[in-house]
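# Overview (structure and organization)
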Amino acid sequence: MTPDGTSHDLTEAVVGAGVSGCSSARFLRQVFGSGVPIDVYESESVGGTMATAWLNGQEYEMGEEVCPEPGSEGEEVVFEESKWFLVNIVKLLWRYGLDYIRTKGWLDAHMHNFLKIYQLQARAQCSRSAERLLQEAGGLDLAQLTQLSISDALREVGIGQLFLDEMVTPIVRLTYGQDTNVSAFAGMMALTAVHSDLWAVEGGNKLLCSGLLYSAKVNLIKGKVTAITSKRRLLRTGEELLLYELSYEDGPGHGYGLYDIVVVTAGEISGSGGPTVRRQPRVVTLVDGCLNTSSFGRHSPDSLPDSLILTASRSPTTVMATMVTRGVRSLPDPLPQPPCARTWRLLSAEPLTRETLDHLFPSVRAVRQSRWLSGVPNPIAVQRHPSFAVHGHLYRLSPSEGATGTAELAVIWAQNAAMLAHRRWHRGSEREGRSVPRGSLRLEL
């Protein structure tokens, strides 16, 4: 049925099969029911940046991953976590005073308000923008976190520069590949991931995405969407129906599809009036080898902690690394390795040269590199905060650079967009106080 009640078979499409796209498909199925066909377009593999790679007979995460506790600033170990909670508290108080406690209190207060979003969505409440949804859940205090940088927000509650440099900056760099000029909201999500008991999927987090598509019973189309063009069809009743034509490339061929509702979660839409998502090169390198521990004051590899973040305070482009302690699958008989060997996951802007690898790892057994363009939060000075709805029943799941963060956020925005699409479709755009756009639309991806 069309929004005004006339007969028409509703069709829906989702562009992208990362965590945002797969979640969108699942929530569209949930709100619109089993009778609506849903096409999902993906030119690469399902899962997006939730990719895995094999190294020495084990499979490791190459994309989304939980960060361990900070440990080193590149030239010296600044904090080493103990297995004893009270020992950690004493060490933190000794080096940073009350900054850890103040930061945890700041995180707890804002996360308490943030989690109210789940209560709103359980009552089928949705909003037109990320900022408005945050404001409805936690008031202006939560929404304004998209307007402040994480460093400014923490300074306002009395956090010192030493704690920002040695604890906050490494986490933000490892999560987003940039410094603490990201929004306080994005920084909050990165810091929360470190202090939370998060889960992972056996076999790789990418299986979450394929499971969502399976449960949504979608039609997966292997193709790259290149353009979205609005079309108008005249019904027998004389009413005009707005449709969206998706043009896509499938290998050497081309194709198109017509849809009533489209949700875009991948690619950049030019001409939509919204912000351009910054795509930052990210190279993830897996290295199975012995680290040159003397470069940051350790002479024995055996004294390394189980998890470690290495970064440099002088240059944001310096290699950042975290030790990988386990793969995505439990192996009954792991391959034997030297006592000093670990599997390291390195993040950099460019592929690592052999010279760099030899300097960091005097002894290397295996190396695997993967590169992709990753969307990252824009600095505060260049942020814009548009609506989820781009045009009529065309939606975009990059609603705010200030409210970018983790995979959890991608799922929240996906559910909000699906509920918003359902509400606007059945109530009609006119009843929403927003007229159906006139004229033609063509957007390039």
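Our subject is the structure listed above.
These numbers come from a predicted model, not from an experiment. (Residues numbered from 1 in each chain as written. Predicted model: local features only at pLDDT ≥ 70, side-chain atom pairs only at ≥ 80, totals over all residues. Heavy atoms only, no water.)

## So, the sheet that holds strand 1 (residues 12-15)
Adjacent strands of a sheet pair through backbone hydrogen bonds, lying either parallel or antiparallel. For the record, the criterion: Each pair of strands is called paired provided DSSP finds at least two bridges between the two strands. The numbering of helices and of strands both runs from the N terminus, where a helix is a DSSP run of H or I of at least 4 residues and a strand a run of E of at least 2. In this description, a line fitted to the C-alpha atoms serves as the axis of each element, helices being fitted only across the stretch in contact, and the angle between N-to-C directions of two axes falls anywhere from 0 to 180 degrees. The contact definition used throughout considers only heavy atoms, calling two residues in contact when any of these lie within 4.5 Å.
Spatially, 5-2-1-9-16-15 is the arrangement adopted by the six strands of the open sheet, whose pairing is mixed. Unpaired on one side and paired on the other, strand 5 (219-222) and strand 15 (389-391) mark the two borders of the sheet. In this sheet, adjacent strand axes meet at a mean angle of 25° when their direction is disregarded. Across the sheet, helix 1 (residues 19-32) is in contact with strand 1, strand 2 (38-42) and strand 9 (261-264); its angle to strand 1 comes to roughly 160°.

## Remarks on the packing of aromatic side chains
Formally: Two rings from Phe, Tyr or Trp (for Trp, the six-membered ring) form a pair when their centres are within 6.5 Å of each other. A pair whose planes differ by under 30 degrees is stacked, one over 60 is edge-to-face, and the rest are tilted. Only protein chains enter the accessibility calculation, which uses a 1.4 Å probe. A residue is then buried if its area is under 20% of the maximum for its type, exposed if over 50%, and partly exposed in between.
Summed over the entire model, instances satisfying the criterion amount to six aromatic pairs. Relative to Phe163, the ring of Tyr96 lies with its centre 5.2 Å away and its plane at 90°, an arrangement referred to as edge-to-face. You can see Tyr96 sitting in helix 2 (residues 85-96) and its partner Phe163 sitting in helix 7 (residues 161-176), a full 67 residues away along the chain. Residue classification places Tyr96 among the buried residues on the basis of a relative accessible area of 6%. Judged by relative accessible area, which is 5%, Phe163 ranks as buried.

## Remarks on a nonpolar patch on the surface
Here is the rule we go by: Patch membership requires more than 30% relative accessible area and the absence of a salt bridge. Residues of like charge join within 9 Å; the nonpolar side chains Val, Leu, Ile, Met, Phe, Trp and Tyr join within 5 Å. Residue burial considers only the protein chains on display, and all accessible areas are found by Shrake-Rupley using a 1.4 Å probe. Between Lys or Arg on one side and Asp or Glu on the other, a salt bridge is scored when a side-chain nitrogen of the former is within 4 Å of a carboxyl oxygen of the latter.
On the surface, a nonpolar cluster with roughly 250 Å² of combined accessible area is contributed by Leu93, Leu98 and Ile101. Residue placement: Leu93 occurs in helix 2. Classification of Leu93 as partly exposed rests on a relative accessible area of 35%.

## Some thoughts on the nonpolar core
Rules: Only buried Ala, Val, Leu, Ile, Met, Phe, Trp, Tyr and Cys residues count toward a nonpolar core, and they belong to the same one when joined by side-chain atoms within 4.5 Å.
Within the largest apolar cluster, 72 residues are counted, with the highest numbers of intra-cluster contacts made by Trp106, Phe114, Phe185, Met188 and Trp413. The biggest single contributor to this core is helix 11 (residues 407-427), with twelve residues. Listed in part, the 15 residues of the second largest apolar core include Val15, Val262, Val264 and Leu394.

## Observations regarding the packing of helix 3 (residues 99-114) against helix 5 (residues 130-143)
How we decide: In these notes the angle categories are as follows: under 35 degrees is roughly parallel, over 145 is roughly antiparallel, 65 to 115 is roughly perpendicular, and the rest is oblique. In this count, Pro and Cys sit with the nonpolar residues alongside Ala, Val, Leu, Ile, Met, Phe, Trp and Tyr, while Asp, Glu, Lys and Arg are called charged and the others, Gly among them, polar.
The geometry of helix 3 relative to helix 5 is characterised by a closest axis approach of 8 Å and an angle of 150° between their N-to-C directions. By the angle between their directions, the pair helix 3 and helix 5 is classed as roughly antiparallel. Contact residues: His110, Asn113 and Phe114 in helix 3; Leu134, Ala137, Gly138, Asp141 and Leu142 in helix 5. Of the residues contributing to the contact of helix 3 with helix 5, the split by class is four nonpolar, three polar and one charged.

## A word on the pattern of salt bridges
In this structure the tally under the stated criterion is eight salt bridges. The salt bridge partner of Asp152 is Arg155, with a shortest N-O separation of 3.2 Å. Of this pair, Asp152 and Arg155 both sit in helix 6 (residues 150-156), three residues apart, which is roughly one turn of the helix. Its salt-bridge partner being Asp358, residue Arg354 comes within 3.5 Å of it at the nearest N-O pair. Of this pair, Arg354 and Asp358 both sit in helix 10 (residues 354-360), four residues apart, which is roughly one turn of that helix.

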